[in-house]
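A structural walkthrough
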Amino acid sequence: MTNILCIGAGYVGGSTIPIVASHCPQHRFVIVDINEARIAAWQSDKLPIYEPGLDEIVFKTRGKNLFFSTDVDKHIAEAGIIFVSVNTPTKMFGQGAGKAADLQYWEKTARQILENSTTSKIVVEKSTLPVRTGEAMERILNSNSKGLHFDVLSNPEFLAEGTAVRDMENPDRILIGGRETESGQKAVETLVELYATWVPRERIITTNLWSSELSKLVANAFLAQRISSINSISALCEKTEADVNEVAHAIGLDNRIGKYFLRSGVGFGGSCFKKDILHLVYLCEHYGLPEVAAYWEQVVTMNEYQEMRFVSKMVSAMFNTIAGKRIALFGAAFKANTNDTRESPALEVCRALLEEHAEVVITDPHAMENARYDLGELAKRITFEPDPYAAANGAHAIALVTEWSQFAQLDFEKIHAAMVKPAFIFDGRNLLDHNKLYEVGFNVYPIGKPALTHLHAQ
Ligand code: NAD
Ligand code: UGA
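Residues numbered from 1 in each chain as written. Chains lettered and ligands numbered in written order. Predicted model: local features only at pLDDT ≥ 70, side-chain atom pairs only at ≥ 80, totals over all residues. Heavy atoms only, no water.

**Some thoughts on the packing of helix α5 (residues 104-116) against helix α6 (residues 133-141)**
So the rule is basically this: The axes are straight lines fitted to the C-alpha atoms, using for helices just the contacting stretch, and the angles between their N-to-C directions are given from 0 to 180°. In this description a helix means any DSSP run of H or I spanning at least four residues, a strand means any run of E spanning at least two, and both kinds are numbered starting from the N terminus. Here is the rule for angles: anything less than 35 degrees is roughly parallel, anything more than 145 is roughly antiparallel, 65 through 115 is roughly perpendicular, and the remaining ranges are oblique. Throughout, a crossing is termed right-handed when the near helix is turned clockwise from the far one, and left-handed when it is turned anticlockwise from it by less than a right angle. Contact definition: two residues touch when any of their heavy atoms are within 4.5 Å. Residue polarity is assigned by list, with Asp, Glu, Lys and Arg as charged and Ala, Val, Leu, Ile, Met, Phe, Trp, Tyr, Cys and Pro as nonpolar; anything else, Gly included, falls into the polar class.
Where α5 contacts α6, the two axes come as close as 9 Å, and the packing angle between them is 30 degrees. It follows from the interaxial angle that α5 and α6 lie roughly parallel. Of the two elements, α5 crosses α6, and the hand of that crossing is right-handed. Note on element contacts: α6 touches α5 through Thr133, Ala136, Met137, Ile140 and Leu141, opposite Trp106, Glu107, Ala110, Arg111, Ile113 and Leu114. Each residue belonging to the contact of α5 with α6 can be placed in one class, and the counts come to eight nonpolar, one polar and two charged.

**Section: helix α9 (residues 209-240)**
Which entries qualify depends on this criterion: One less than the residue count of a helix, multiplied by 1.5 Å, gives the span that helix is expected to have.
With 32 residues, α9 ought to run about 46 Å at 1.5 Å a step, and its terminal C-alpha atoms sit 47 Å apart, in line with that. Directly beyond the C-terminal end of α9, a positive phi value near 65 degrees is found at Glu241.

**Notes on a negative patch on the surface**
Rules: Exposure above 30% relative accessible area and no salt bridge define the residues that can form patches, which grow by joining like charges within 9 Å and nonpolar side chains of Val, Leu, Ile, Met, Phe, Trp and Tyr within 5 Å. The protein chains shown are the only cover counted for residues, whose accessible areas, like all others here, come from Shrake-Rupley with a 1.4 Å probe. Salt bridges are defined by distance alone: a side-chain nitrogen of Lys or Arg within 4 Å of a carboxyl oxygen of Asp or Glu. We score Asp and Glu as negative and Lys and Arg as positive, and we do not count His or the chain ends. Throughout, a charge is located at the NZ atom of Lys, the CZ atom of Arg, the CG atom of Asp or the CD atom of Glu.
A contiguous patch of negative charge, built from Asp71, Asp73, Glu78 and Glu115, is present on the exposed surface. Within the element layout of this structure, Glu115 appears in helix α5.

**Describing the environment of Lys449**
As a reminder of what qualifies: Here the term buried applies to any residue with accessible area under 20% of the maximum for its type, exposed to any over 50%, and partly exposed to those in between, with areas from a 1.4 Å probe on protein chains only.
Relative to the helices and strands, Lys449 resides in the segment after β14 (443-445). Since its relative accessible area comes to 16%, Lys449 is described here as buried. Taking the C-alpha atoms as reference points, Lys449 and Asn430, separated by 19 residues in sequence, lie 9.1 Å from one another. Contact partners of Lys449, with chain neighbours within four places excluded, come to Glu238, Ala242, Asp243, Asn245, Asn430 and His434.

**Quick look at the site of ligand 2**
What counts here: A single heavy atom is enough: if one lies within 4 Å of a molecule or strand, its residue is considered near that molecule or strand. The definition of a polar contact used here is a pair of N or O atoms within 3.5 Å, where within protein one atom must be able to donate a hydrogen and the other to accept one, and adjacent residues in sequence count solely through side-chain atom pairs.
Around ligand 2, a shell composed of 20 residues is seen, among which Phe158, Leu159, Glu161, Lys216 and Phe334 lie nearest. At a separation of 3.3 Å, an oxygen atom of ligand 2 approaches a polar backbone atom of Glu157. Within the backbone of Glu161, a nitrogen or oxygen atom sits 2.7 Å from an oxygen atom of ligand 2. Protein contacts shield 92% of the accessible area of ligand 2, which totals 700 Å² for the unbound molecule. Looking at the shell around ligand 2 element by element, the count peaks at four residues for α9.

**Some remarks on the packing of aromatic side chains**
Rules: Whether two aromatic rings pair depends on their centres lying within 6.5 Å, for rings of Phe, Tyr and Trp, where Trp uses its six-membered ring; planes under 30 degrees apart make the pair stacked, over 60 edge-to-face, and the rest tilted. Geometrically, a lysine NZ or arginine CZ counts as sitting over a ring once it is within 6 Å of the ring centre and also within 35 degrees of the ring normal.
Enumeration according to the criterion identifies twelve aromatic pairs in this entry. Aromatic side chains Phe330 and Phe407 sit 5.0 Å apart centroid to centroid with 35 degrees between the ring planes, which places their arrangement in the tilted category. Of this pair, Phe330 sits in strand β9 (residues 326-330) while Phe407 sits in helix α16 (residues 405-408), placing them 77 residues apart in sequence. With a relative accessible area of 3%, Phe407 lands in the buried category. Plain terms: the ring middles of Phe412 and Phe442 are 6.2 Å apart, the flat faces sit at 75 degrees to each other, and that makes the pair edge-to-face. Of this pair, Phe412 sits in helix α17 (residues 412-417) while Phe442 sits in the loop between α18 (434-440) and β14, placing them 30 residues apart in sequence. Clustering of aromatic rings is evident, with ring pairs tying together Phe319, Phe424, Phe426 and Tyr445. Sitting over the face of the ring of Trp210, Arg132 holds its NZ or CZ atom 4.1 Å from the ring centroid. Just above the ring of Tyr389 sits the side chain of Lys414; from NZ or CZ to the centre is 4.1 Å.

**Some thoughts on the site of ligand 1**
In the vicinity of ligand 1 lie 26 residues, with Val12, Asp33, Arg38, Thr88 and Lys275 positioned nearest. Here a nitrogen atom of ligand 1 sits 3.5 Å away from a polar atom, N or O, in the main chain of Ile34. Within the side chain of Arg38, one N or O atom sits 2.6 Å away from an oxygen atom of ligand 1. For ligand 1, the accessible surface in isolation is 840 Å², of which the surrounding protein chains cover 92%. Those elements that provide at least two residues to the shell around ligand 1 are α1 (11-23) and α5. The leading source of residues in the shell around ligand 1 is α5, at three residues. Across the shell around ligand 1, the residue classes tally to eight nonpolar, eleven polar and seven charged.

So, in C-alpha cells, the structure goes:
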C-alpha cells in the first residue's frame, strides 16, 4: 500500500483523485486543502462541485480508501506520492501582470512539502504550469540537507468540466513527463503502473518533463484557437447569409480538420483557456518570440470580440437602447453541466448589459450561487431567479448564454405570452429551434446565421 496525497481539493483534485481511488483500493488516498469550507463540503452530502457521476464515486470511496483533510503537513509527512493540483491563476501584479502565471501557491506547496518530509517522494505536477516549472520545483525540493531525494513528474490533466468522470474513466491519453535519469524513469514507471490499473497501456504516453508541461498549454491553446476560428467565421456568416453550423459541418467532415470544437457561440469561458493562452503568450515573449506571442494572443482577442459583438447585436436589434429593459439571461455557467462560472461569457455579457443600464435577471439550474459570488458588488443590481418562466416574465428579451439542454425543453409559447412585445431572443449557443421560435412570434437572433425577425414587415 502507498499513501497517495493530493494537495488542492478544487475541480481537478476533487474530481480526479476519487476516480483513481475507486480503481486502486490497495492504496490510501488523502485530498487536502487549506480551504476549510471546501474540505467540509467534500466531507458532507453536498459536494462543492457539480459534476455528473461524481457524487456516487465519492460516496463509494470516502471513508474507505479516500479521505479529505485540512491537515496538510501531517499528510505530506505520510505520503509516498504527492499530486499537486493547486490553482495557478494569472498574475495580477508586478512583472508579467495580466499574463504570466502566478506561481505563489505552487511554490508555497513545494516548500511545505520539503519542510514536512522525512522520506523521499515522487511529486507530481497536476496543475497546469509554464514549461520548465518542474526545474524550479526540483531545485527547491532537492536543496535539502536531510538527504532526501524528490522525483518531479509532470502529469497534466486534460479533463473537461461536465464530463470529468467520463474523461477520467476513459481518457484519450494519460501524459506523464519525467527526467531521463534512472530514478526519474523509475518514478515515471510507478505512475504508469497506477494508471494502468484501468487505462490501456497504449493510451499512457511518456515524454520528457518539458514536453509534458508544454503539451498541456498547447492542447488548450489549440482547442481555444478552433473556437475563435469558427467564431470569427460566424461574424462573416452574419454579413453574408451563410450559416455557421453548415460551414462547420462541411469543413468538419474533412478528416484532417475534424468535427470537434467547431460549435460557434458567444465565446469560450472557463478557468483555463484564457489563462493558459496568456501564460503561453508570456512565455513566448519571455523567450524573445514576439511574433509567436502575438499569434496566440489573437485567440483571446477574438474571444473578447465575440462576447462584445453579441451584446452590440442585442443593443442594435432592440432599437439602440436597452436601458431600463428587463433582460432574462438564460445561463450563468461557462458551459452546460457544470456549476462553474469562472471566466463565463454569461457573466461578461451580464456586465456589459448592466453597463447599458439593462435590468438583468439570471436563471441557471446549477450555477446561481457561483454567479452571485463572481459578480461581487454587481450582484446587488441583478435578480437571481431559479425558474426560467418567472425570469422571462415581463422581459423584453431573452439572451441564452449557456447551452443547458433544459432550456431547449421550455414551453416558449408560454414564455412569449408573458413577455413585453416585440419579444426578442438572442441564442448565444444556437441551442434552440429558431424557426419554431419565429413562428411563435419571437424576433430570433442566432449566432452566425441570418436573424429571423418580424420587425421589417411591420
Ligand atoms: P481550484 O481553484 O478549483 O482548486 C485549487 C485548490 O488548491 C483550492 O481549493 C485552493 O484552496 C487549494 N490550494 C491552494 N494553495 C494550497 C496550499 N498551499 N495547500 C493546500 N491547498 C491549496 O483550481 P482547479 O480548477 O482545480 O485547477 C487546479 C489546476 O489544474 C490549475 O493549474 C488549472 O489550470 C489546472 N486544470 C484545471 C482544469 C479544470 O477543469 N478546472 C482542468 C485541467 C487542468
Ligand atoms: C478545457 C479543455 O477541454 C480540457 O481538455 C482542459 O483540461 C481544461 O480546459 C482545462 O485545462 O481546464 P473546460 O474548460 O472544462 O475544458 O471545457 P470545454 O468543454 O473545453 O469548454 C470550454 C469553453 O469553450 C466553454 O465555454 C464552451 O462553451 C466553449 N466551447 C467549446 C465552444 O464555444 N465551442 C465548442 O465547440 C467547444
